[in-house]
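Notes for the structure review
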Amino acid sequence: MQTLYRRLLKLMPKLGMQVTDLGPGTAVVSRRGGRVRTPLGPGADLLTRDDGRYAVADAGRDTWVVARGKRLGRWRSERLGDSARLLFDEQAGKDERKLQLAAAEYLCAQHVTGMLDLYGVNCVFDVGANAGQYAKRLRRLGYTGRIVSFEPTAHAFERLSKAAADDPEWQVHHLGLGREDTVTTIHTGWNTMNSLLPPSDYGRGRYQRFNETRTEEIRIRRLDGMLDEALAGIDGPRPFLKMDTQGYDLEVFAGAGERIGEFVGLQSEVAVLRLYEGSPRMSEAVAAYEDGGFEITGMYPVTREAATGRVVEFDCVMMRAKAAPERD
């Protein structure tokens, strides 16, 4: 059985280090600069170049952390159930809100990819794609099926196009989706929070970026009018609908019409505290999705108020249970 020490040595080249294994418990790891001995634990040290770029710290029994930077804080290793451990810097652990949100983002991504696999999804509709962050995460987590991304704003679409350029199974469309085919304006200059809706009083109080805005003319299409083109060539389509449109998700959902029944699942950002004027509350959005035949499989906080702890928005993942493939 390969020891953790040996596995660590194999990791070093991936960090840009040259490893010379001198035998049990001894290795030389080289970079430019002076050398310094870094203890890993009983019987095992690293002899590293002292250029300040990497450091190693003990994170608990049989666990070490290798990271960039001259200093490493104290690391804590916490058990998560019977099959996993959480590793984090104690400084990060002091900010409960940020730690919880980071964990929720990770767990949501893992849950979505698990549902895509369980339900045999072969086409993800990425509505509100921005620069392609969601699609790139799916690829990193192992999803290999088709992705169809929609982004209406010019600047973000330029970045999205570059991100998808070398991926033949990733289509991009320079438009938004909604209840009807039309041309309208979108508020821009809010980074990832550009919206077709104006900010609410609560939104203006929470985000200073909402106090200044520009608008851009964009094209809107109904989802049901895009399905045949998007699914062309897929044998037995099993699509999944991801929506992140800053208060406009229910309009996207309505634009699917009767063809929403073809989707095996969806992901939507639902609001407990409304950032945009006229956007639906979480209860209204979830009720509409349930009426469409979807049931909740996961809820993950996206943002929380630092002062009160209240959740502002959740990522809501829902699947059509009747569409789950039969398992032996």
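The structure contained in this document is the topic of the report that follows. (Residues numbered from 1 in each chain as written. Predicted model: local features only at pLDDT ≥ 70, side-chain atom pairs only at ≥ 80, totals over all residues. Heavy atoms only, no water.)

Another aspect to go through is the overall build of the chain. Scanning the chain from N- to C-terminus turns up nine helices and 18 strands. In the chain, buried positions account for 44% of the 328 residues. Across the chain, the fraction of contacts at a sequence separation of at least 24, relative to all contacts at a separation of at least 6, is 57%. Entry remark: accessible area of the chain is about 17,900 Å², with carbon and sulfur atoms responsible for 48%. (Helix = DSSP H or I, 4+ residues; strand = E, 2+ residues; numbered from the N terminus. Buried < 20%, exposed > 50% of the residue type's maximum accessible area, 1.4 Å probe, protein only. Contact = heavy atoms within 4.5 Å. Areas by Shrake-Rupley, 256 points an atom, 1.4 Å probe, with all protein chains shown as cover.)

What follows covers helix H9 (residues 282–291). Regarding H9, the residues found buried are Ala285, Val286 and Tyr289. Projected onto a plane normal to the axis of H9, the buried residues spread over an arc of 95 degrees and lie on a single side. Turned more than 90 degrees away from the buried face of H9 sit Ser283 and Asp291, all of them exposed. Turning to H9, the residues buried within the fold contact strand E15 (239–243), helix H8 (249–254), strand E16 (265–271), strand E17 (295–304) and strand E18 (311–319). Positive backbone phi, approximately 100 degrees, marks Gly293, located one or two places after H9. (Arc of directions from axis to C-beta.)

An order of E11-E10-E9-E15-E16-E18-E17 is seen for the seven strands of this open sheet, with the pairing classed as mixed. Where the open sheet ends on each side, the last strands, each with one partner, are strand E11 (170–173) and E17. Sheet twist, expressed as the mean angle between neighbouring strand axes with direction ignored, is 15 degrees. Across the sheet, helix H3 (residues 96–118) lies against strand E9 (123–127), E15, E16, E17 and E18, angled at about 150 degrees from E17, the strand it touches most. (Pairing = 2+ DSSP bridges. Axes fitted to C-alpha atoms, helices over the stretch in contact; angles between N-to-C directions.)

Counted by the stated rule, this structure contains 13 salt bridges. Glu251 is the partner of Arg179 in a salt bridge, and the nearest nitrogen-oxygen pair spans 3.0 Å. Of this pair, Arg179 sits in the loop between strand E12 (176–177) and strand E13 (182–188) while Glu251 is found in helix H8, placing the two residues 72 residues apart along the sequence. Of the residues examined, Arg179 reaches a relative accessible area of 44% and is grouped as partly exposed. For Asp224, the salt bridge is made with Arg222, and the minimal N-O distance between the two is 2.7 Å. Here Asp224 falls in the partly exposed class, since its relative accessible area comes to 23%. Relative accessible area serves as the criterion here: at 23%, Arg222 is assigned to the partly exposed category. Here the residues in one salt-bridge network are Asp228, Arg259 and Glu262, joined through shared partners. (Salt bridge = Lys/Arg side-chain N within 4 Å of Asp/Glu carboxyl O.)

This brings us to the nonpolar core. By size, the foremost hydrophobic cluster in this structure holds 45 residues, and its most contacted members are Phe125, Leu241 and Tyr289. In terms of residue count, the dominant contributor to this core is E18 (five residues). Setting aside residues no more than four positions away along its own chain, Tyr289 makes contact with Met243, Asp249, Leu250, Phe253, Leu266, Ser268, Val270, Phe294 and Met318. Grouped together as the second largest cluster of nonpolar side chains are 24 residues, Val124, Tyr134, Ala164 and Ala323 included. (Core = buried A, V, L, I, M, F, W, Y, C linked by side-chain atoms within 4.5 Å.)

Time to look at the environment of Pro325. Within the secondary structure, Pro325 is located in the segment after E18. By relative accessible area, Pro325 is classed as partly exposed at 32%. For the pair Pro325 and Gly120, spaced 205 residues apart in the sequence, the C-alpha separation amounts to 7.7 Å. Residues within four places of Pro325 in sequence aside, it is in contact with Leu118, Tyr119 and Arg238.

Let's shift gears to the environment of Leu87. For Leu87, the location among the structural elements is in strand E8 (residues 84–89). Sequence spacing of Leu87 and Trp75 is twelve residues, and the spatial spacing of their C-alpha atoms is 6.8 Å.

Under the defined criterion, the tally for this structure stands at seven aromatic pairs. Between Trp190 and Phe210, the aromatic rings sit 4.5 Å apart at their centres with planes inclined by 65 degrees, giving edge-to-face as the arrangement. Highlighted residues: Trp190 in the loop between E13 and helix H6 (201–206) and Phe210 in the loop between H6 and strand E14 (214–221), separated in sequence by 20 residues. With a relative accessible area of 0%, Trp190 lands in the buried category. Here the aromatic cluster, defined as three or more aromatic residues joined through ring pairs, consists of Trp190, Tyr207, Phe210 and Tyr276. For the cation-ring pair, Lys242 lies above Tyr134, with the distance from its terminal atom to the ring centre recorded as 4.9 Å. (Phe/Tyr/Trp six-rings, centres within 6.5 Å; stacked < 30°, edge-to-face > 60°. Lys NZ or Arg CZ within 6 Å of the ring centre and 35° of its normal.)

Honestly, it's all geometry; don't read function into it.
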